[in-house]
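# Topology and contacts: notes
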Amino acid sequence: MKTEPDSPNSKKIAIAIFVLACVVRLIALLIYAEDDVGQADQSEYLALAQNIRLHGVFSYGAPHIWGGPGLLNTKGPFVPTAARPPLYPLLIASLWWGEARPLLEVRLAQCLLGGMVAVLAYLIGSRLFGRRAALFAGLGMAFAPVSATLPAVILTETLFTFLLTLGMWLWEKKYPVLAGVALGLATLARPILLPILATIALMAIVLKFQRATHVKIFLAAVLVIAPWAVRNAITQHAFVPVASTGWGANIFLGTYDIPYGSGNLWPVINRDEDFINIVNTAPTEIVAEGQLMELALKRIAASPIHWLYVRVKQYPRLFISSGYYLAPVLPIPKPLIRIVYGATNVLFLLLAVWGLFLARAQWRRVYPLVLVAFIVCVSQFPGVGEERYMTPIVPLLMVFAAHGLTRLVLWRGRGVAA
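We now turn to the structure provided with this report. (Residues numbered from 1 in each chain as written. Predicted model: local features only at pLDDT ≥ 70, side-chain atom pairs only at ≥ 80, totals over all residues. Heavy atoms only, no water.)

### Some details on the environment of Ile320
- For Ile320, the position within the fold is in the loop between helix 15 (304-314) and helix 16 (334-358).
- Looking at Ile320, the relative accessible area reads 23%, which means it is partly exposed.
- The sequence separation of Ile320 and Asn345 amounts to 25 residues, and the corresponding C-alpha distance is 6.2 Å. (Helix = DSSP H or I, 4+ residues; strand = E, 2+ residues; numbered from the N terminus. Buried < 20%, exposed > 50% of the residue type's maximum accessible area, 1.4 Å probe, protein only.)

Written out as structure tokens, the structure is:
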């Protein structure tokens, strides 16, 4: 039995979930937040944001090689780039009010966005499966460990997860244009949504089912993305819908067989002479991306069975990591954390699959969640990934897991009563 999401009682529950989720994330900030953001992705987002703020240009402000850190307070040249998607640097720039890096401001904003994700999971669950499942979904997202700790880092996942979940809620509420706007903005945060938008367009062409909805969602998303794509065509002299880097590198890194539990893949990769030669000789990160893709395809073609074996073996790590980042919180041995964390993730996935099976009769309502989750999962197979790459679909899976858990609780209750 479903509850009306707009009822006074439901609003109180939603507010309570929002507050709880924000508190959990604020505690995570105290534990995990660091000022060491001068390397890799975090430094690049900050450099782009500073140059937007100071010079009005989406630029690194200096010649930028693949894997190099983003530098602050550079003297230029401020050459426009399309290496990264634009929305997250724009968010950082909007919060950069003083001279110092707005690390605290961005992290607090991400805590609020994470709180909203928990509320959206509750609202989606309420509309689809009822109050009890909604409560499980909201509480699950409030405490989901990776989602709760990501606001401590300067990365796109929290913003992207919020926009994606917002789009799914608007889709369920039958606001296709607004859903398309949200999904377009999400694509400008992480271009992994491009295959999903292409699938929606294909569905609009091939299927009569929900054709008007699919058309509206796709066109609204395209209208959001188009100005950035036009800007890229003008400044980069190439068709770059969102970002030019990330594709080749991920496919290349996915050719390596990295032992589970080894921690960091880079010590292995940094011993590869071909990789080192590309990084040291490529004049820009865009050139390096192309060379990495070319090298990856050559290695895959040379030994496709081995590549498939590596990808199949490594793919589950997207869902089941070591969980060692919980060591500062849980005073138990790391091997035990690994076992408990892995078992908990497996249980969560089994509950999500069970909930999806139970919801098969409602496929006309749940198919958007399934479509997005499935394509995100498939798109991560060819390349190397981290567990955080899967966090955007955790709210969607949480709704199904909550539905499965609810049915188990109800069946158990009936068994006890009998």
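What follows picks up the thread again.
### Re the packing of helix 7 (residues 157-172) against helix 17 (residues 363-379)
- Contact geometry for helix 7 and helix 17: axes closest at 9 Å, N-to-C directions at 160 degrees. When the axes of helix 7 and helix 17 are compared, the pair comes out roughly antiparallel. Viewed along their axes, helix 7 and helix 17 form a crossing whose handedness is right-handed. Contact residues: Leu164, Met168, Trp171 and Glu172 in helix 7; Arg365, Tyr367, Pro368, Leu369 and Val372 in helix 17.
- In the contact of helix 7 with helix 17, the residues fall into 7 nonpolar, no polar and 2 charged. (Axes fitted to C-alpha atoms, helices over the stretch in contact; angles between N-to-C directions. Parallel < 35°, antiparallel > 145°, perpendicular 65-115°, else oblique. Left-handed = near helix turned anticlockwise from the far one by under 90°. Contact = heavy atoms within 4.5 Å. Nonpolar A, V, L, I, M, F, W, Y, C, P; charged D, E, K, R; others polar.)

### Describing the state of the cysteines
- A complete count under the given rule lists 0 disulfides for this structure.
- Not part of a disulfide, Cys111 finds its nearest cysteine sulfur in Cys22, a span of 6.8 Å.
- A relative accessible area of 2% places Cys111 in the buried class. (Disulfide = S-S within 2.5 Å.)

### A word on the packing of helix 4 (residues 103-129) against helix 17
- Packing of helix 4 against helix 17 leaves a shortest axis separation of 11 Å and a crossing angle of 150 degrees. One element, helix 4, and the other, helix 17, form an angle in the roughly antiparallel class. Both helix 4 and helix 17 take part in a crossing whose hand is left-handed. Here helix 4 contributes Ile124, Arg127, Leu128 and Phe129 to the contact with helix 17, which in turn contributes Arg365, Val366 and Leu369.
- In the contact of helix 4 with helix 17, the residues fall into 5 nonpolar, no polar and 2 charged.

### Brief notes about the pattern of salt bridges
- If you walk through the whole model with that rule in mind, you get 11 salt bridges.
- The closest approach of N and O atoms between Arg365 and Glu172, which form a salt bridge, is 2.3 Å. Taken together, the residues Arg365 in helix 17 and Glu172 in helix 7 connect sequence positions 193 residues apart.
- For Glu172, a relative accessible area of 7% puts it in the buried group.
- For Asp272, the salt bridge is made with Arg299, and the minimal N-O distance between the two is 2.8 Å. With Asp272 in the loop between helix 12 (266-269) and helix 13 (273-281) and Arg299 in helix 14 (residues 285-302), this residue pair connects regions lying 27 residues apart in the sequence.
- You can call Asp272 buried: its relative accessible area is 11%. (Salt bridge = Lys/Arg side-chain N within 4 Å of Asp/Glu carboxyl O.)

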